[in-house]
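Structure at a glance
One-letter residues, chain by chain:
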Amino acid sequence: MTPISVFADEEALAEALATHIIEKIRRTPALVLGLPTGRTPLALYRRLAARAQEADWSRVRTFNLDEFVGTGGGEPGSYRALMDAELFDHVGVPPEGRGFLDGRASDLDGECRRYEQEIAAAGGIDLLVLGIGGNGHIAFNEPGDTLIARTHRVALDPQTRAANAWLFAGDLSRVPQEALTMGMATILQARAIALVATGPGKAEAVQQALEGPVTTRLPASFLQLHPAWSVWLDDDARPRRASRR
Ligand code: PGA
C-alpha cells in the first residue's frame, strides 16, 4: 500500500516534508535529491530555508527535474533562477552539487545524455520529490500515446504552459514551447519518491494516479509501479476516499 499522508493545509505538509528531508540528510550526509519546481514546492523550500541550520547540506547533491528550452542560466523565468531564489540562496549545497539541465545548450540531446550520466555518476537519486500537473504529468512527462524513458526534449501541453505563465509575469506568449525533462525511467529509478499535491485543482489527477489504470494518458499513474513512493497531500487535494491525518 502506498503511504498517503493528508495534512490540514500546505504549511503543515511543508513542515512535515521538510522534517523528513532534514532527517534523511542527517542520516545520509551525501544524500542525492531530485527536486521539482512549480508553485507546489515553494512552501517546502521556505521551510527548508528557515531550518537551514538543522542539517549540513554541504555534501548533498541535487538534480532538478526539468528546465525550459532556451533558459537555464539563471535568467528570470528559468527554473534555475527559481531554485536559487527559493532554496539554494539559503541552504549550503555547493554550486557544483546542484544539478540542472541547461535549456540553452547548443546540443540539447547531448545535454540530456550528460544529465543522465551525471545522475548515474552520483549513484542515482535517493529521494525524488515530485509535483503533479492538473493533467497528471510528472516533471514534464506529458500525457500522450507513448512515454519516453530517459531525459529528453518535450513539447509542452497548452495547459502546462498556462500553469507556468506566472513565472513570466503572466505573459503566456513568453512561456517556452519546449522543455527538457527527466524521463519516466529516470524518475522511477529513484530509490524513493515523494509526490506532493496541494489544492483542489490536483484532486482528480491524484485520485487517478492512485486508483486509476496505469496509462500513458496519466503519467503519474506509473508511480503505482514504484516500490517506495509516498503521497503528501493537503486536504484540498485529497481524493474523497483518503482519510485525513
Ligand atoms: P505546480 O506544478 O506546482 O505549479 O502546480 C506542478 C507540476 O506541474 O508538476
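Residues numbered from 1 in each chain as written. Predicted model: local features only at pLDDT ≥ 70, side-chain atom pairs only at ≥ 80, totals over all residues. Heavy atoms only, no water.

Examining the overall build of the protein
Within the protein one finds 7 helices and 10 strands. The C-alpha radius of gyration computed for the protein amounts to 17 Å, which stays within 12% of the reference 18 Å derived for 245 residues, consistent with globular compactness. Projecting the C-alpha coordinates of the protein onto the three principal axes gives extents of approximately 50 × 45 × 35 Å. By residue count, 56% of the 245 residues in the protein fall in the buried class. Here the contacts in the protein between residues at least 6 apart in sequence split such that 78% fall between residues at least 24 apart. Accessible surface, the protein as shown: approximately 10500 Å² in total, 49% of it carbon and sulfur. (Helix = DSSP H or I, 4+ residues; strand = E, 2+ residues; numbered from the N terminus. Rg over C-alpha atoms; globule rule 2.2 N^0.38 Å. Buried < 20%, exposed > 50% of the residue type's maximum accessible area, 1.4 Å probe, protein only. Contact = heavy atoms within 4.5 Å. Areas by Shrake-Rupley, 256 points an atom, 1.4 Å probe, with all protein chains shown as cover.)

Brief notes about the site of the ligand
Around the ligand, a shell composed of G38, R39, T40, G131, I132, G133, H137 and K202 is seen. T40 places a polar side-chain atom, nitrogen or oxygen, 2.4 Å from an oxygen atom of the ligand. One nitrogen or oxygen atom from the side chain of K202 is found 2.6 Å from an oxygen atom belonging to the ligand. When isolated, the ligand has an accessible area of 280 Å², and the protein chains bury 81% of it. Within the shell around the ligand, the residues separate by chemical class into 1 nonpolar, 5 polar and 2 charged. (Near = heavy atom within 4 Å. Polar contact = N/O pair within 3.5 Å; in protein donor to acceptor, adjacent residues only side chain to side chain. Nonpolar A, V, L, I, M, F, W, Y, C, P; charged D, E, K, R; others polar.)

Structural notes on the side chain of E67
Structurally, E67 can be placed in strand β4 (residues 66-68). There is no salt bridge for the buried E67, and the closest opposite charge comes from R80, which lies 6.7 Å off by N-O distance. (Lys, Arg positive; Asp, Glu negative; His and termini not counted. Salt bridge = Lys/Arg side-chain N within 4 Å of Asp/Glu carboxyl O.)

Structural notes on the sheet that holds β4
The antiparallel open sheet is built from 3 strands, whose spatial order is β4-β8-β7. Among the strands making up the open sheet, the edge pair consists of β4 and β7 (152-155). Neighbour-to-neighbour, the strand axes of the sheet open up by a mean angle of 30°, direction not taken into account. (Pairing = 2+ DSSP bridges. Axes fitted to C-alpha atoms, helices over the stretch in contact; angles between N-to-C directions.)

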